[in-house]
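These are the residues of each chain, in order.
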Amino acid sequence: MLLAAVEQHEPPSRRLVDDDLAAAFLPARIRWLVAATRPALLRKWVIAAMDRSGPGLWVNLTCRKRFIADRIDEAGENIDAVVILGAGLDTLAYRLARRTRIPVFEVDQAVNVARKATTVRRALGALPLSVRLVALDFERDDLLTTLAEHGYRTAFRTFFVCEGVTQYLTEAGVRRTMEGLRPAAPGSRLVFTYVHRDFIDGKNLYGSQRLYRRVVKKLWHFGLQPDQVADFLAEYGWRLIEQAGPEQLLQRYVEPTGRDLDASDLEWSVYAEKL
């Protein structure tokens, strides 16, 4: 969300993502940092600092939000609900609430849900009627049972979003979540991001040695390889529509801005449909 907020200082034609709520949802000390990046030179310095830790990740972490927003726009009236898994401080639910009344369920750990409720009250005054905050432990709780307690129905054609989450779960936790999505209505959609398995295993660091030392074995556990994704989805009744790696992100989102930025092969985004 910090990256999305910093991007708002770019002219509209040069932004990688549009999110006018991003800064408002951040803690005060981080909002101060965002404000400090108004000068273009400071923004370039921040992006360069980010890329020293993980080359190209500025593009991946901002453009995956564009990818998700574009897929939701494409789905349009063919969805009845949105479920955001591991929502954190993301603003998608609140931007959707401005233009649609379909229910949006934000799912996260209890501590994060409490923080989100406080953030929304501070930034917006109140929680929109269409948004429901759902506390869940992905490693232990049953996803659809918990969602049903907050008004979710399996008959809903649902757009599920799982952005920047899978790597933090164990394989058992990821598979438990996918199993929980099995009863989703045909025509439901899913976008999730994943980190390459060979990075988790330490076989290919993608130029991101600092990131590897900081997160792997301490925070990140699960990964996939691109050629495994279709079969992984098929196990749970989903059909792969598209994968977006660095080539797609650069072509769709970076090149039209004229900015000289690279993307990373470390993380990919997936779009799928429930059969």
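Residues numbered from 1 in each chain as written. Predicted model: local features only at pLDDT ≥ 70, side-chain atom pairs only at ≥ 80, totals over all residues. Heavy atoms only, no water.

Tallied over the entire structure, the rule returns 23 salt bridges. The partner of Arg-259 in a salt bridge is Glu-10, and the shortest N-O contact between them spans 3.9 Å. You can see Arg-259 sitting in the loop between α12 (246–254) and β7 (267–274) and its partner Glu-10 sitting in the loop between α1 (2–7) and α2 (28–36), a full 249 residues away along the chain. Across the pair, exposure class does not vary: Arg-259 and Glu-10 are buried alike. The salt bridge involving Glu-273 is made with Arg-239; its shortest N-O contact spans 2.7 Å. Placement of the pair is Glu-273 in strand β7 and Arg-239 in strand β6 (residues 238–244), with a sequence separation of 34 residues. By relative accessible area, Glu-273 is classed as buried at 19%. Assessed through its relative accessible area of 38%, Arg-239 is described here as partly exposed. (Salt bridge = Lys/Arg side-chain N within 4 Å of Asp/Glu carboxyl O. Helix = DSSP H or I, 4+ residues; strand = E, 2+ residues; numbered from the N terminus. Buried < 20%, exposed > 50% of the residue type's maximum accessible area, 1.4 Å probe, protein only.)

Let us now look at the sheet that holds β6. Strand order in the open sheet formed by seven strands is β3-β2-β1-β4-β5-β7-β6, with mixed pairing between adjacent strands. Strands with a single pairing partner mark the edges of an open sheet, and in this sheet they are β3 (131–135) and β6. Strand-to-strand twist of the sheet, defined as the mean angle between neighbouring strand axes without regard to direction, takes the value 20 degrees. As defined by bridge partners, strand β1 (residues 81–85) adjoins strand β4 (residues 158–162) across four bridges and the pair is classed as parallel. By the bridge assignment, Ala-81 is partnered in β4 with Thr-158. (Pairing = 2+ DSSP bridges. Axes fitted to C-alpha atoms, helices over the stretch in contact; angles between N-to-C directions.)

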